[in-house]
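# Coordinate inspection notes
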Amino acid sequence: MKKTLAIMALLLLPFWVAAQKPLDEVARIKADDNYIWGEGRSTTDSKATQSALNDLISKISVTVQSETSLDMQQINDGDKIDSKSAMEAVIKTYAAGSLTNTKSIFVSHEPDAYVVRYIHKDELEKIFQEREDRILSYVYTAQNAEREGRIDDALRNYYWGFCLLKSLQHPNAVKLEQDGVKHTLTVWIPEQINLLLGNIKTEVAKIDGNVIDLLITYKGKPVTSLDFRFMDGQNYSNINSAKDGLSQIELNPATPTDKLQLKYEYEFLGQMRQDRELEMVMDVFNGTPFPKATVMVNGGSKKEMKQVQQLYQAAVEGMSQVQHATAVESPNFYVATIDKVVKAIRSKAYSSVKDLFTEEGYDMFNRLISYGTATILGKPELHFYQLNGRVICRSVPMKFAFKNNNRSFVEDVTFTFGANQLIESIAFGLDKAARDDIFNREAAGWSDSVRMVIATFLENYKTAFALKRADYIKSIFDDDAIIIVGHVIRKAQKTAENEKYLDNEVVKHTRYSKQEYIKNVERSFKSNQFINIRFTDNDVKKMGVGEDTYGIQIHQDYYSSSYADTGYLFLMVDLNDPDLPCIKVRTWQPKRDPNINGNFDKSDRYYGLIYGGNF
């Protein structure tokens, strides 16, 4: 019997040793004042882990409370909660994102799970520093956006940075140095937001019943992009957009048009919901109102509107005219064709122009009309350009609104004529900033045709998503394309069983085959009422492979009825045959990345081709 017990003890010894090792580590952590720890017990590993995190957060809150300048007036329901509860709520916002440098010890697993989570006190400073770095990133992004007239992006990034600023240990200590002057961000960011809002000017260009054309400028120049709401006679409208200074609103019948109330969007709460960390901060802190965001716009006298209408038409013309492009010498035939199309859209007699399109072109026309309720803006100022035997018409500004949704968009629509003089393709034009990057930059070796090919490719690419042309997207990707899809996530939870995830970035890159990627695209098309992509801030470089192979890194704002994000898309595309563009590489990251090569494995055939310094 004793022998049997001895054998059993020997057999159980490895299990006892294995269990004793985590307990010894827990005892060491608890005895060391350099660590803060929390513990949790439950029937499942995940619940025990969350319980341990909550306990850890509570203890971190106590540790940092005395060293944190927390303004209770900024806290939601601050008069109803104490400072300790408020501090815990703030620390929980870090748990959604940067509170990932904690470690876990699994003493036992489910059904009797016992977990201890801990952090070294020296790591606390890093937690707050990561958020400070993120705030400064928002500020720099906002400054770049303002320079390009993307006032919606500038307002969003300043406001989001300001929201996060409230959650730091010492918000008033964060400085930004510019031109030798140090600015305190808690004061400086609201000043910048007010300056932005104060430099926006909205004027009425035309009133037709309850439909009003608006010209929106920033410092006297048409805004590249801006979002706003208006009082429609009863309530604030859904979000409307202005592009290159142009927008249009429709009031409820019998609503006075002599005075319009607008509210420029700066919070972007819908997009904020895609970032759990930022959303949690907003749940803790009160929002900051900016009265300058609400303005009254006078309808204006006939004389005043006539002057604004001239500026409005100049903005329309600016959409269609580009430099470094070969104009068609005798465009009368094409002018007559587009005039018929414009009249058909205005009268909703769409089938009357079917014979002006190829079969594929008319299919795109139908998709365009069904994309959203379409309205022509102003009097289109048409310009026609040559492209390898084709003629491109730039452009017809249009507004698209969607039923049962909260957005409208302004797009300048381009039409491409084939050799048979029929319209074979329709696309949404690039924003002015993106067009200027391509058509107006001085670049050695860039012919007029190369510029037009690059711009046309980008316009067709973004339009394919809007019009849900899965077949076209499938056709432009190489069968062996490197396709890396990125999205912002919180870092993977660290356990003893997945230590390889300890140092993951907050951006998850998933590599797909072409077939997998197209399936995901098709699934997105089916589940969304609309998709709209806006390109700005592009860098285009000729690659060291293929005569006309280009690397394009471009800022992309992606909107759909169920999702929105913003980041940088990189495409390496072979444009040697303008009729058959071929994407070799597609990646995404939330920030401009000068080292695109970092997304590749060393085994990839393009590794080393795209390197730091290319962008």
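Residues numbered from 1 in each chain as written. Predicted model: local features only at pLDDT ≥ 70, side-chain atom pairs only at ≥ 80, totals over all residues. Heavy atoms only, no water.

## Focus on the packing of aromatic side chains
Applying the stated criterion across every chain, the model contains 23 aromatic pairs. A ring pair is formed by tyrosine 159 and phenylalanine 290, whose centres lie 6.3 Å apart and whose planes are at 75 degrees; its orientation type is edge-to-face. Here phenylalanine 290 lies in the loop between α8 (276–284) and β13 (294–298) and tyrosine 159 lies in helix α5 (residues 151–165), a separation of 131 residues in the sequence. Phenylalanine 290 matches tyrosine 159 in its accessibility class, with the two residues each being buried. Above the face of the tyrosine 114 ring, arginine 41 is positioned so that its terminal group lies 3.7 Å from the ring centre. Note that arginine 156 overlies the ring of tryptophan 160, its terminal NZ or CZ placed 5.7 Å from the centroid. (Phe/Tyr/Trp six-rings, centres within 6.5 Å; stacked < 30°, edge-to-face > 60°. Helix = DSSP H or I, 4+ residues; strand = E, 2+ residues; numbered from the N terminus. Buried < 20%, exposed > 50% of the residue type's maximum accessible area, 1.4 Å probe, protein only. Lys NZ or Arg CZ within 6 Å of the ring centre and 35° of its normal.)

## Here's the deal with unusual backbone geometry
A cis amide bond links glutamate 110 to the next residue, proline 111, at an omega of 15 degrees. Each neighbour pair has its own omega, and for arginine 394 with serine 395 the value is -5 degrees, a cis peptide bond. Non-glycine residue aspartate 179 carries a positive phi angle of around 55 degrees. Position of aspartate 179 relative to the elements: it lies in the loop between β4 (175–178) and β5 (181–184).

## Some words on the packing of helix α4 (residues 122–147) against helix α6 (residues 185–198)
Remark: α4 packs on α6, axes separated minimally by 13 Å, with the N-to-C direction vectors making an angle of 25 degrees. One way to sum up the angle between α4 and α6 is to call them roughly parallel. Here α4 and α6 pass one another in a crossing that is left-handed. Of α6, the residues touching α4 (which contributes Ile135, Leu136, Val139, Gln143 and Glu146) are Leu185, Trp188, Ile189 and Leu196. Partitioning the contact of α4 with α6 into residue classes produces seven nonpolar, one polar and one charged. (Axes fitted to C-alpha atoms, helices over the stretch in contact; angles between N-to-C directions. Parallel < 35°, antiparallel > 145°, perpendicular 65-115°, else oblique. Left-handed = near helix turned anticlockwise from the far one by under 90°. Contact = heavy atoms within 4.5 Å. Nonpolar A, V, L, I, M, F, W, Y, C, P; charged D, E, K, R; others polar.)

## Remarks on the environment of asparagine 54
When you line up the elements, asparagine 54 lands in helix α2 (residues 45–65). Placed 14 residues apart in sequence, asparagine 54 and glycine 40 show a C-alpha to C-alpha distance of 8.4 Å.

## So, the side chain of asparagine 528
With respect to the helices and strands, the residue asparagine 528 is situated in the loop between α15 (514–527) and β21 (531–542). On the basis of relative accessibility, which here comes to 5%, the residue asparagine 528 falls in the buried class. Within the structure, asparagine 528 has its side chain in polar contact with the backbone oxygen of serine 524 (distance 3.0 Å). (Polar contact = N/O pair within 3.5 Å; in protein donor to acceptor, adjacent residues only side chain to side chain.)

## Considerations on the pattern of salt bridges
For the structure shown, the criterion picks out 29 salt bridges. Notably, a salt bridge pairs arginine 469 with glutamate 360, separated by 2.7 Å at the nearest N-O pair. With arginine 469 in the loop between α13 (448–466) and α14 (470–476) and glutamate 360 in helix α11 (residues 359–371), the pair connects residues that are 109 residues apart, well separated along the chain. Measuring nitrogen to oxygen at the nearest pair gives 3.3 Å for the salt bridge that ties aspartate 478 to lysine 584. Placement of aspartate 478 in strand β19 (residues 477–488) and of lysine 584 in strand β24 (residues 582–589) is noted, with a sequence separation of 106 residues between them. With respect to class, aspartate 478 is no different from lysine 584; both count as buried. (Salt bridge = Lys/Arg side-chain N within 4 Å of Asp/Glu carboxyl O.)

## Remarks on the nonpolar core
If you look at soluble globular proteins, the nonpolar side chains tend to sit buried side by side. With 69 residues, the main nonpolar core has Leu185, Leu214, Leu226 and Leu260 as its most contacted residues. Sort the elements by how many residues they give to this core and α5 lands first, with ten residues. If you look at the next biggest cluster of nonpolar residues, it comprises 44 residues, including Ile438, Phe439, Ala455 and Ile552. (Core = buried A, V, L, I, M, F, W, Y, C linked by side-chain atoms within 4.5 Å.)

## Let's talk about the sheet that holds strand β3 (residues 113–120)
Read across the sheet, three strands follow the order β1-β3-β2 without closing on themselves; strand pairing throughout is antiparallel. Two strands close off the open sheet at either side, each with one partner strand: β1 (35–42) and β2 (103–108). The mean inter-strand angle of the sheet, taken between neighbouring strand axes irrespective of direction, is 20 degrees. Bridge analysis of β1 against β3 gives eight bridges, and the strand direction is antiparallel. Each residue of the ladder has a partner; that of arginine 41, found in β3, is tyrosine 114. (Pairing = 2+ DSSP bridges.)

## Quick notes on the pairing of strand β11 (residues 246–250)
The two faces of a sheet get side chains in turn, since along a regular strand they alternate between them. Within β11, four of the five residues are buried, leaving the element largely enclosed by the surrounding structure. With five bridges connecting them, strand β7 (residues 211–218) and β11 associate as antiparallel partners. Across the sheet, the residue bridging to aspartate 213 is glutamine 248, located in β11.

## Describing α15
In a regular helix each residue adds 1.5 Å, so 14 residues correspond to 20 Å; α15 covers 20 Å between its end C-alpha atoms and thus fits that length. Burial in α15 covers these residues: Lys514, Tyr517, Ile518, Val521, Ser524 and Phe525. An end-on view of α15 places all buried positions within 120 degrees of arc, on one side of the element. Exposed residues lying more than 90 degrees from the buried face of α15 are Gln515, Arg523, Lys526 and Ser527. (Expected span 1.5 Å × (residues − 1). Arc of directions from axis to C-beta.)

## Topic: the confidence of the model for the protein
Chain-level pLDDT for the protein is 82 on average; 83% of the residues reach the 70-or-more range. When pLDDT is averaged over each helix and strand of the protein, the minimum, 62, is found for helix α1 (residues 2–31) and the maximum, 97, for α6. Counting interchain partners and residues more than four positions distant, the pLDDT-below-50 stretch residues 488–506 has 31 contacts. Scored below 50 in pLDDT, residues 611–615 makes 19 contacts in the model with residues more than four places away or belonging to other chains. (pLDDT = per-residue confidence, 0-100.)

## Some points on the pairing of strand β17 (residues 408–417)
Counting buried positions over the ten residues of β17 gives ten, a clear majority of the element. Bridge count between strand β16 (residues 390–401) and β17: nine bridges; the pairing is antiparallel. Its bridge partner being in β17, isoleucine 392 is matched across the sheet by threonine 416. Judged from the five bridges that link them, β17 and strand β18 (residues 423–428) form a sheet pairing that is antiparallel.

## Observations regarding the environment of lysine 432
Structurally, lysine 432 is set in helix α12 (residues 432–439). Along the primary structure lysine 432 and aspartate 244 are separated by 188 residues, whereas in three dimensions their C-alpha atoms are 6.5 Å apart. Reaching out from lysine 432, the side chain makes a polar contact with the side chain of aspartate 436 at a distance of 2.7 Å.

## Side note on the environment of methionine 543
Looking at the element boundaries, methionine 543 is found in the loop between β21 and β22 (549–560). The buried category is assigned to methionine 543, whose relative accessible area is 6%. Expressed as a C-alpha distance, the spacing of methionine 543 and aspartate 574, which sit 31 residues apart in the sequence, is 9.5 Å.

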